[in-house]
Amino acid sequence: MTEIEFVLNGKNVTIDVDPTKRLLDVLREDFGLTGVKEGCGEGECGACSVLVNHEIVSSCLMPVGNAMGKDIVTIDGFSKTERYRVIHGAYEDEGAVQCGFCIPGMVIATESLLNKNPDPTEDEIKDALSGNLCRCTGYNMIVSAVLRAAERGKGLW
Amino acid sequence: MSDISRSINKQDTNAKTSGSIEYISDMKIEGALHARTLRSTMARARITNIEFPEIPTGYYIVDRSDVPGMNRVKIIFDDMPVFAEEEVRHIGEPILLVVGEDRAVIKEIIDGIKVEYEPLVPEFGYVNSVIHYDYEKGDGEKYFKDGSRIITGEYKTGYQEHIYLEPQGIIGIFEDGKSTVIGSMQCPYYIKNAVVQALGIENDKVRIQQAATGGAFGGKEEFPSLIGCQVAVASMKIGRPVRLIYDRVEDIESTTKRHPSLIKFKAAVDEDNNIRAMKVHVSLDSGAYIGLSGVVLQRAMIAASGVYTIDNLSVSGDVFETNTVPNGAFRGFGAPQMFFAIEMFINHVAQELGEDNLEFRSRHLAKQGEATSTGGHFRDPIIMNKMIDKVMEMSDYKTKRKQYSAKDDFRGIGMSWYLHGCGFTGSGEQKHIKAVVRLRKEKDNTVTVLAANTEMGQGAFTTLRKIAAGVLEIPVERVIYNNPDTDLVPDSGPTVASRTIMIVGGLIARAALKLKEQWVDGEEILIEERYKQPDYVEWDDETLTGDAYPAYSWGVNVAEVEVDKATYEVNIRNLWGVYDIGKAIDERIIIGQIEGGLLQGVAYGTIEVMDTKDGRIRQRNVTDYIIPTACDCAPVETVIMDNPFPLGPYGAKGAGELPLVGGAPAVALAIENAIGKKVMKIPATPEYIMELLEND
Ligand code: FES
Ligand code: FES
């Protein structure tokens, strides 16, 4: 057991935990943040995406020990922001949400992209989302949603 | 009144984007224990002994000796055990559960259990037929003897794995003599019937509740009945709730997949280049247990003549049992296999006759009033000609086809034509399902839809609410549809077979009409509707003849591809589709179904490779079973043409499965056009394309 300290959704937290435990499990089990999903457990599907110091990371691959001193944002925290409101609205209006299991990860990937590139092209969007699998939508509606979010959210990113 | 097709927002989008909706693995259930499955490592063997390590207190083994009722999962045949008995029949077959508080300890226990096997000889080929069906239309035998030209073809299709993004998961709770099962599922009443049989208790002592379901595509049709029984047995034995949540590796290793198939055709062609008679045989690999394979086989067989009218048709099929993981329901249910095969075959026949494929196919295309494959009738207008013209115009098909055929530049374009029978085959709805729905008008003038159909991303809650609200002429916000709970809703049947909108939506519309007539503000009113088969449907279960489906949805796709000259990878450049689903209840939802289904179909035909070695699935995770990413999605252009079905709600027919069916044949035909070789199997991998090009 090790004491790990980090910022989680804007708050300082400390947890006494086996540092090899996956960040995903710590978030879901110890902090009850179940918006973070497990789709593959091997870093391939993106359902477990979180932001670590503004970078998108698969939390199923990250031992919580590596979270020490980092700033971590999950969908549960991000969903309280103005940026989220714009992204959510765009996803809704494009009909981009079907079963929803990939969506928290997609939203995080969208934020991570727009944060770096507020005005992405379609190809840049596809590239940025390529680490997040969706089995329901065929992706086109999600790509349109990101385009629409970028357009509506001008100035936010 | 505004057009029903105009899209509205779904009720659950907010909870899904914010991550607050609870899937089964997100639910906190007081006192719940974890479970993990010990599985067979042998494809076929007798279990001679199981040696256990010391089991700490608070940890439990649950196996077949704990099943109080029948140790069989009720599907169609009672052939699959809840927990393995003396003989295991596939790698990954569940033998027992280890249950307890700490997952690490559970894993240690599992690793410590030693199962001794006496190996038996496994079978992996098309050898042991366990179901055989055939049917006959007309009398074609003479055409195979009268000197007609005989053309044959043999086609193969591979596995397809659902990769619903949320793996299987289920929780069992046993309290006060009552078993409750909550989980990710399509068919609450299937699980209910299965649990009743496994526990051997009264019907009203079993309650099934659907949790938010993260995709299913058929994969959560019959499989959850197995794990539902397991957690029901475990929670009853232990007296505490038991959670069984699969990880991806376990899900791929042990859950159902699309049946691999082998399909053979023989056509007799007369001097006018018309197919006079055709013989078709379908072989399906069911894996170790039959499950739904017989029904899948029927749907494949009924699709044997595709969208074409063949006057003399002789179709047979077999389900072969093998010692591999059982196969089962997957969006399309036998049709994707057959439509790949028939679309290739028809094109290959045209090619062999030296005919223009468009001309040849058009001449054989079914028309209203003609007999279906099983001798029923296409009663409703068929607008395929209009649809085909439209898709050719959108894609510039003719020009490109000519251009790509002339040049050796590895670009190609292909077009598929297909249909999908809506609802259960034959008299299934009438005889087996007997759907019931209720509408309850509450005192506050909201209306609750009481039905067992599930939302799994396809938008059922939204479209069904729209139908009720539309008929009642009330705002859709006043219609409520909750996740089904078998204690609260009647059995309106499973959420499968493209039946939800047409059949269940139809019942809701009829109930809403009655409710509207009886409406009194401020009072509670309950309306019930039961399914009645349309009078015109006649079906003979024995001979498989008559009207196999009350209605058909139709589709055409064009795919444009470029095959990489160095790697032989297939790059999908563009996809087009035109569809007749009667009437779209919500256009955006339908387009979502179409785009998602089409990509699944295209990937089935190209990149989704799954195979077995000595009975073991070789792909372990999404790292090696590749599904499309955002970078693999081509631009899709879709047109939905109205062709209202008189008995469907607002004219709607089925739409859930249809879009998957046309993807693989369209792409395979485009690949043929690109490389100038016949594609005889899917997935058409780079290795296969290389083989075709090298075997010149
Ligand atoms: S669960 Fe982490 S990438 Fe799939
Ligand atoms: S919406 Fe179901 S996986 Fe993306």
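Thresholds, definitions, all that
Residues numbered from 1 in each chain as written. Chains lettered and ligands numbered in written order. Predicted model: local features only at pLDDT ≥ 70, side-chain atom pairs only at ≥ 80, totals over all residues. Heavy atoms only, no water. Helix = DSSP H or I, 4+ residues; strand = E, 2+ residues; numbered from the N terminus. Rg over C-alpha atoms; globule rule 2.2 N^0.38 Å. Contact = heavy atoms within 4.5 Å. Buried < 20%, exposed > 50% of the residue type's maximum accessible area, 1.4 Å probe, protein only. Areas by Shrake-Rupley, 256 points an atom, 1.4 Å probe, with all protein chains shown as cover. pLDDT = per-residue confidence, 0-100. Axes fitted to C-alpha atoms, helices over the stretch in contact; angles between N-to-C directions. Parallel < 35°, antiparallel > 145°, perpendicular 65-115°, else oblique. Left-handed = near helix turned anticlockwise from the far one by under 90°. Pairing = 2+ DSSP bridges. Buried area = accessible area lost by both parts, 1.4 Å probe. Salt bridge = Lys/Arg side-chain N within 4 Å of Asp/Glu carboxyl O. Polar contact = N/O pair within 3.5 Å; in protein donor to acceptor, adjacent residues only side chain to side chain.

## Things to note about the overall build of chain B
Check the secondary structure of chain B and you find 17 helices and 28 strands. The C-alpha radius of gyration computed for chain B amounts to 25 Å, which stays within 12% of the reference 26 Å derived for 696 residues, consistent with globular compactness. With respect to the principal axes defined by its C-alpha atoms, chain B has extents near 75 × 70 × 50 Å. Across chain B, contacts joining residues at least 24 apart in sequence account for 81% of those joining residues at least 6 apart.

## A closer look at the overall build of chain A
A count of helical and extended segments in chain A gives 6 helices and 5 strands. Secondary structure of chain A in N-to-C order comes out as β-β-α-β-β-β-α-α-α-α-α. Taken over C-alpha atoms, the radius of gyration comes to 15 Å for chain A, in line with the 15 Å a tight globule of 157 residues would show. A total of 157 residues make up chain A; the buried ones form 58% of that total. A fraction of 59% describes how many contacts in chain A between residues 6 or more apart in sequence connect residues 24 or more apart. Put simply, chain A shows about 5,900 Å² of open surface, and 46% of that area lies on carbon and sulfur atoms.

## Describing the confidence of the model for chain B
On average, residues of chain B score 97 in pLDDT, and 100% of them reach the 70 mark or higher. Taken over the whole predicted complex, pTM reads 0.98, whereas the ipTM for its chain interfaces reads 0.98.

## A word on the packing of helix α14 (residues 587-605) of chain B against helix α16 (residues 663-675) of chain B
Residues and elements named next belong to chain B. The contact between α14 and α16 brings their axes to 7 Å, and the two run at 50°. Here α14 lies oblique to α16, going by the angle between them. Considering how the two elements wind past one another, α14 and α16 form a crossing that is right-handed. Residue-level inspection shows L598, G601, V602, Y604 and G605 of α14 in contact with α16, the latter providing G663, A664 and V667.

## Thoughts on the pairing of strand β12 (residues 242-245) of chain B
Residues and elements named next belong to chain B. Two strands pair when backbone bridges link them, and strand β1 (residues 33-39) and β12 are joined in this way by 2 bridges, in the parallel orientation. Residue L33 lies in a different strand from β12, and its bridge partner there is V242. When strand β9 (residues 169-175) meets β12, the two strands line up antiparallel, connected through 4 bridges. Across the sheet, the residue bridging to I170 is L244, located in β12.

## Remarks on the interface of chain A and chain B
At the junction of the two partners, chain A supplies 41 residues and chain B supplies 53 residues. Here chain A and chain B share an interface that buries about 3,900 Å² over both sides, 55% of which is from carbon and sulfur atoms. Our count for the chain A to chain B interface comes out at 4 salt bridges. Of the charged contacts in the structure, one is a salt bridge between A:R135 and B:E608, with a shortest N-O distance of 2.7 Å. In this assembly, chain A and chain B are joined by 28 residue pairs in polar contact (both at pLDDT 80 or more).

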